[in-house]
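# A closer look at the structure
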Amino acid sequence: CRDVPYNTLFYGSYESLCTLFMRLTGVQRKEELATGWVFLSGGLGGCIGWSLVLPFDVVKTRVQSGAESRALPLVRRIVATEGVQGLFRGWTAAVVRAFPANACLFLGVEVTTRLLRPATSRRDATAVPPPPPAVPAVPAAGAGAVAALSPREEGRA
């Protein structure tokens, strides 16, 4: 129930925050963005994602616990008895966990990507990569077909 909306909000927030920090610092590509900004973008992206999907998670958890079998009547009851803040029960714990976990996640992804990228692409992002080495065409029939069509066999046919 929450995974697709969460991931949409999480990744969207992360990319939007990186773009914002790139503009603020005058950086043209995310690879040039300082790791502190990447860390902050990941942490805030996780916090934004959890803040927006937590009401759905609270309802899901209570339905699964047997408090109510249907979601909409449960939402009405929570709001009537606990107020809207009842839909955000556990927010502090979720956000306190989400910030460092997601900050480290994206920092790890971005740093690894930067380290694995060839040095030439780091210097010149517009450089066209060299073409892949030529690979001889192989028929779909497999190795037997390759042997049957090899040049030394053609003379015998």
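Up top is the structure these notes are about.
First, a word on what this report is: a plain description of the structure on this page. (Residues numbered from 1 in each chain as written. Predicted model: local features only at pLDDT ≥ 70, side-chain atom pairs only at ≥ 80, totals over all residues. Heavy atoms only, no water.)

### Considering the overall build of the protein chain
Scanning the protein chain for helices and strands turns up 7 helices and 0 strands. N-terminal to C-terminal, the α/β element order of the protein chain is α-α-α-α-α-α-α. Within the protein chain, the proportion of its 157 residues that are buried is 27%. When contacts within the protein chain are restricted to residue pairs at least 6 apart in sequence, those whose partners lie at least 24 apart make up 66%. Accessible surface for the protein chain amounts to roughly 10400 Å². Of this, 66% is attributable to carbon and sulfur atoms. (Helix = DSSP H or I, 4+ residues; strand = E, 2+ residues; numbered from the N terminus. Buried < 20%, exposed > 50% of the residue type's maximum accessible area, 1.4 Å probe, protein only. Contact = heavy atoms within 4.5 Å. Areas by Shrake-Rupley, 256 points an atom, 1.4 Å probe, with all protein chains shown as cover.)

### Digging into the nonpolar core
Generally speaking, soluble globular proteins have nonpolar side chains that are buried together. The biggest cluster of nonpolar side chains holds 21 residues, and the ones touching the most others in it are Tyr-6, Tyr-14, Leu-33, Trp-50, Val-59 and Ile-78. Contributions of two or more residues to this core are made by helix H1 (3-25), helix H2 (35-64), helix H3 (71-82) and helix H4 (91-116). Considering every element that reaches this core, the biggest residue donor is H1, with 7 residues. Every residue in contact with Tyr-6, bar those within four places of it in the chain, is listed here: Gly-46, Gly-49, Trp-50, Val-53 and Asn-102. (Core = buried A, V, L, I, M, F, W, Y, C linked by side-chain atoms within 4.5 Å.)

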